[in-house]
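# Summary of structural features
Residues per chain, in single letters:
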Amino acid sequence: MSTVNLDEAIVMRENFLKQLNQAMDKVIGEKEELNIDYDLLEQALGYMLKNCTSVKTSPISVITPLKKSEMLGVTLDFFKSIDLSVYRQAIETILQQHENIKMKIYNIHEVKDFNKKDEFNVLEYTSDGTVQSNKGNAIVNVPTRMKVNSKEEKILDENECTLEDLYIVVHEISHLFDLDLESEKTSNEELKGKRPESKVSNTRELLGEATTIAFEGMLTDYLLKNTDYSKQTIEEISSIRINSFMQDARLVYAKLLLAKEKSKNGEITLQYIEKFMRDNNFSTQYVRRMARNIIDDPRGMNFEKRYALGGLIAPTIIKKYKEDGPSILKKYLEESKNGNFKGAMSTLGIQLNDDGLKVLVNNLKEQILGLSKEER
């Protein structure tokens, strides 16, 4: 007669479930921070996850080194191929020609202090690529060799970066294209103790990563057509970055569902978790792992939703650019910069309804299928 391990039979022990409930308190608090439609976000991510899957990647990581000067040269050539206006902005940023924008490219393995702040009162170095802004000034941080381990670090020359670093440079510079620094120059006196209008920041919350992920996708197309870098490596990098925002989408979707349950009934019960498993056809192991990720996650739902939404919207930006050229891209960037979310989406031909959502998901599916067809 076989015995049953109770720990295996019960999806979540009492203490684990208590931690998950506490994590949902944080998510509920986050939802109060932004004036966005979280029900629509839940609907969009649910439809996205139902129809799109992650891309198969290789278990073996391949480092493609390139000189820092070559990396920046390719960056500028890429932006020039897209449009002269974004090319000029990229030149100003890289050559430090804009008085309100500072850019730092540094080897992440050489940074001793990630808590030090600079004259603009923002972090001087960050462990991830970032664009920090304060009172109309922007600081672009590009850490290099993030994917390089200690052994590989010793092999690379002092001035060598990697192909992954090229994607980070393009990603972070692209943040500047729809960043409205002028609106941030408003002084505290002018505000008279009032908070500034939130429409611009909320639009950036929804579209900020859509812009950068779109430029990443266009970079992939550019590299495949115009360089001799390994096609397999380029596609591998692109696949990994797609899987990253798909993972964010899964986390955000689960958080929204669980937070809604706690808000409605005051508690997430074991019975609800079991129903959650059945409704989504999840295994016990998957639900436990997902719950642990939610409990331990230091980033927060509002941070992750930027990448989840960005990954959903970016393929449509790319497609419209290919169909209609730079004018559509520039119009989208301008609407986004001005805080007009509906206008930006309308420029892409997307209405905020079920039909618009289907177009976004279909365009993402096309991108994923294109990568999945390649032999690994």
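I will try to describe carefully the structure that is included in this document. This structure is a prediction, so every number in the text was calculated from the model and none was measured.

### Describing the pairing of strand β3 (residues 130–134)
- Relative to strand β4 (residues 137–144), β3 runs antiparallel, the two being bridged by five bridges. Residue pairing across strands places glutamine 132 opposite isoleucine 139, the latter belonging to β4.
- In this structure, the hairpin formed by β3 and β4 is closed by a connection of two residues, where lysine 135 is found at a positive phi of approximately 55°.

### Examining unusual backbone geometry
- Positioned with a positive phi, glutamine 96 is a non-glycine residue whose angle comes to about 60°.
- Here glutamine 96 lies in the loop between α5 (84–94) and β2 (101–107).

### Brief notes about the nonpolar core
- In terms of nonpolar packing, the biggest core is built from 103 residues, with Leu20, Phe79 and Phe215 touching the most fellow members.
- Those residues in contact with phenylalanine 79, other than ones at most four positions away along the chain, are Val86, Tyr87, Ala90, Val170, Ile173, Ser174, Phe177 and Phe215.

### Points about the packing of helix α2 (residues 14–31) against helix α12 (residues 284–296)
- Taken N-terminus to C-terminus, the directions of α2 and α12 make an angle of 50°; their axes are 9 Å apart at the nearest point. Regarding the angle of α2 to α12, the classification is oblique. Regarding α2 and α12, the two cross each other, and that crossing is left-handed. Judged by residue contacts, Phe16, Gln19, Leu20, Ala23 and Met24 of α2 engage Arg288, Ala291, Arg292, Ile294 and Ile295 from α12.
- Among the residues making up the contact of α2 with α12, the classes are represented as seven nonpolar, one polar and two charged.

### Points about the side chain of glutamate 304
- Looking at the element boundaries, glutamate 304 is found in helix α13 (residues 301–324).
- A polar atom in the side chain of glutamate 304 sits 3.0 Å from the side chain of lysine 255.
- Separated by 3.2 Å, the side chains of glutamate 304 and arginine 299 make a polar contact.
- Among all residues touching glutamate 304, those that are not within four sequence positions of it are Asp248, Leu251, Val252, Lys255, Asp297 and Arg299.

### Looking at the packing of aromatic side chains
- Under the criterion given, the structure shown has eleven aromatic pairs.
- Between the aromatic rings of tyrosine 106 and tyrosine 125, the centroid separation amounts to 4.8 Å while the plane-to-plane angle is 85°, which identifies the pairing as edge-to-face. One end of the pair, tyrosine 106, is in strand β2; the other, tyrosine 125, is in the loop between β2 and β3, with 19 residues separating them in the sequence.
- Judged by relative accessible area, which is 8%, tyrosine 106 ranks as buried.
- Linked through ring pairs, Phe78, Phe79, Phe177, Phe215 and Tyr222 together constitute an aromatic cluster.
- Residue placement shows lysine 104 over the ring face of tyrosine 125; its charged tip is 5.9 Å from the ring centre.

Cut-offs and rules
Residues numbered from 1 in each chain as written. Predicted model: local features only at pLDDT ≥ 70, side-chain atom pairs only at ≥ 80, totals over all residues. Heavy atoms only, no water. Pairing = 2+ DSSP bridges. Helix = DSSP H or I, 4+ residues; strand = E, 2+ residues; numbered from the N terminus. Core = buried A, V, L, I, M, F, W, Y, C linked by side-chain atoms within 4.5 Å. Buried < 20%, exposed > 50% of the residue type's maximum accessible area, 1.4 Å probe, protein only. Contact = heavy atoms within 4.5 Å. Axes fitted to C-alpha atoms, helices over the stretch in contact; angles between N-to-C directions. Parallel < 35°, antiparallel > 145°, perpendicular 65-115°, else oblique. Left-handed = near helix turned anticlockwise from the far one by under 90°. Nonpolar A, V, L, I, M, F, W, Y, C, P; charged D, E, K, R; others polar. Polar contact = N/O pair within 3.5 Å; in protein donor to acceptor, adjacent residues only side chain to side chain. Phe/Tyr/Trp six-rings, centres within 6.5 Å; stacked < 30°, edge-to-face > 60°. Lys NZ or Arg CZ within 6 Å of the ring centre and 35° of its normal.

In short, shape yes, function no, at least from these values alone.
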